[in-house]
Amino acid sequence: MTNDKGTRRTCEHGHSYYKKSDCPTCPICESERKPKEGFLALLSAPARRALENEGITTLAELSKYTEKEILKLHGIGPSAIPKLRQALEEEGLSFARLPSPLHDH
């Protein structure tokens, strides 16, 4: 069923929601799995998923990447970088200065 909110869908967990795009992500499931604390809690769902999909779940992992490498990830926008930079600085860390040869970005 389509209306001005989009198409009505039901996820595998039984949540009913409307979506205008063809993105399969259930907003209810996504909000339930959002961290309550930590640097990932500061980010939008697409940015959080982009880091998680890259295996970046800690600030120590994040510090191995340059800002440019992180910005290349699908789902990361420019507004995420200041939040990530501040979270790193609060732990005495920073983004890598040079691209790591370990990353294929």
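Residues numbered from 1 in each chain as written. Predicted model: local features only at pLDDT ≥ 70, side-chain atom pairs only at ≥ 80, totals over all residues. Heavy atoms only, no water.

Please set out the pairing of strand E2 (residues 6–10) residue by residue, giving values where relevant.
Side-chain direction in a regular strand flips from residue to residue, so the side chains alternate between the two faces of the sheet. Summarising the sheet, E2 and strand E3 (residues 16–19) pair through four bridges and their orientation is antiparallel. The partner of Arg9 across the bridge, within E3, is Tyr17. Here E2 folds back onto E3, and the loop between the two strands holds five residues, one of which, Gly14, carries a positive phi near 90°. (Pairing = 2+ DSSP bridges. Helix = DSSP H or I, 4+ residues; strand = E, 2+ residues; numbered from the N terminus.)

Before we move on, can you summarise helix H5 (residues 80–90) with the specific residues and values?
Taken as a whole, H5 has its buried residues at Ala80, Ile81, Leu84, Ala87 and Leu88. For H5, the angular spread of the buried residues around the axis is 130°, confining them to a single face. Counted as exposed and oriented over 90 degrees from the buried face of H5: Glu89 and Glu90. Phi for Gly92, located one or two positions after H5, is positive at around 75°. (Buried < 20%, exposed > 50% of the residue type's maximum accessible area, 1.4 Å probe, protein only. Arc of directions from axis to C-beta.)

Before we move on, could you go through the nonpolar core and cite the residues and values that matter?
Nonpolar side chains in soluble globular proteins tend to be buried together. Counting residues in hydrophobic clusters, the biggest one holds 19 residues, and the most contacted among them are Phe39, Leu51, Leu62, Ile70, Ile76 and Leu84. Contributing elements (two or more residues each) for this core: helix H2 (45–53), helix H3 (59–62) and H5. Of all the elements, H5 adds the most residues to this core, at five residues. Sequence-distant contacts of Ile70, that is, excluding residues within four places in its chain, are made with Leu51, Ile56, Leu62, Tyr65, Ile76, Ile81, Leu84 and Phe95. (Core = buried A, V, L, I, M, F, W, Y, C linked by side-chain atoms within 4.5 Å. Contact = heavy atoms within 4.5 Å.)

Give me the lowdown on the pattern of salt bridges, citing residues and values where you can.
Counted according to the given criterion, the structure contains two salt bridges. Linking Lys64 and Glu61 is a salt bridge whose minimum nitrogen-to-oxygen distance equals 3.0 Å. The exposure class of Lys64 is partly exposed, given its relative accessible area of 43%. Close ionic contact of Glu67 with Arg85 constitutes a salt bridge, the shortest N to O distance being 3.1 Å. (Salt bridge = Lys/Arg side-chain N within 4 Å of Asp/Glu carboxyl O.)

Explain H2 residue by residue, including any values.
Within the span of H2, buried status applies to Ala47, Arg48, Ala50 and Leu51. One face of H2 carries all of its buried residues, which in axial projection span an arc of 160°. A positive backbone phi angle near 85° is found at Gly55, which sits one or two residues after H2.

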